[in-house]
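Now for the letters of each chain:
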Amino acid sequence: SVVITTGTFLRGVVHVGQESRPAGRYIRSEAREVEPPASALAQSLASLRLPLARLKTGTPPRLDGRTIEWDRLEPQPNPRP
C-alpha cells in the first residue's frame, strides 16, 4: 500500500463567503494570496483509477486535557484580536 498525503492541496478549494475557487494553502498576508492546488497530481491519480479522498480540515487536534501540565504553559494572546 502507498499513501500520498497532500494536505489540503489535492483538488484544493478555498471558500470565501459565497465564492469558491481552486487553491492550496491560504497565505496570511495583506495581499490575500493562495498557493496553487495540486490539480495535475489529482488528475494523474484519478486517471490511474486510484481512490481520492479528503479529510475534513479545520478540525482541532484531539488533546486530553488531563495529560497537559497547564501551570507550566505561558499565555500567548493573539496580537490581532
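Check the entry above for the structure.
Attention in this report is confined to the structure presented alongside it. The model shown is predicted, which means the values in this text are computed figures rather than measured ones. (Residues numbered from 1 in each chain as written. Predicted model: local features only at pLDDT ≥ 70, side-chain atom pairs only at ≥ 80, totals over all residues. Heavy atoms only, no water.)

This brings us to the environment of Thr 67. You can see Thr 67 is positioned in the segment after helix 1 (39-47). Among the residues examined, Thr 67 registers a relative accessible area of 62% and is labelled exposed. Polar side-chain contacts of Thr 67 include one of 2.7 Å to the backbone oxygen of Asp 64. (Helix = DSSP H or I, 4+ residues; strand = E, 2+ residues; numbered from the N terminus. Buried < 20%, exposed > 50% of the residue type's maximum accessible area, 1.4 Å probe, protein only. Polar contact = N/O pair within 3.5 Å; in protein donor to acceptor, adjacent residues only side chain to side chain.)

This brings us to the environment of Phe 9. The topology assignment puts Phe 9 in the segment before strand 1 (13-16). Residue classification places Phe 9 among the buried positions, given a relative accessible area of 19%. For the pair Phe 9 and Arg 25, spaced 16 residues apart in sequence, the C-alpha separation works out to 6.9 Å. The contact partners of Phe 9, leaving out residues within four places of it in the chain, are Gly 24, Arg 25, Glu 35, Pro 36, Pro 37 and Ala 38. (Contact = heavy atoms within 4.5 Å.)

On to a nonpolar patch on the surface. A cluster of nonpolar side chains, Val 2, Ile 4 and Leu 41, forms an exposed patch at the surface whose accessible area comes to about 300 Å². Tracing the chain through its elements places Leu 41 in helix 1. Residue class for Leu 41 comes out partly exposed when judged on its relative accessible area of 34%. (Patch = residues over 30% accessible without salt bridge, like charges linked within 9 Å, V, L, I, M, F, W, Y side chains within 5 Å. Areas by Shrake-Rupley, 256 points an atom, 1.4 Å probe, with all protein chains shown as cover. Salt bridge = Lys/Arg side-chain N within 4 Å of Asp/Glu carboxyl O.)

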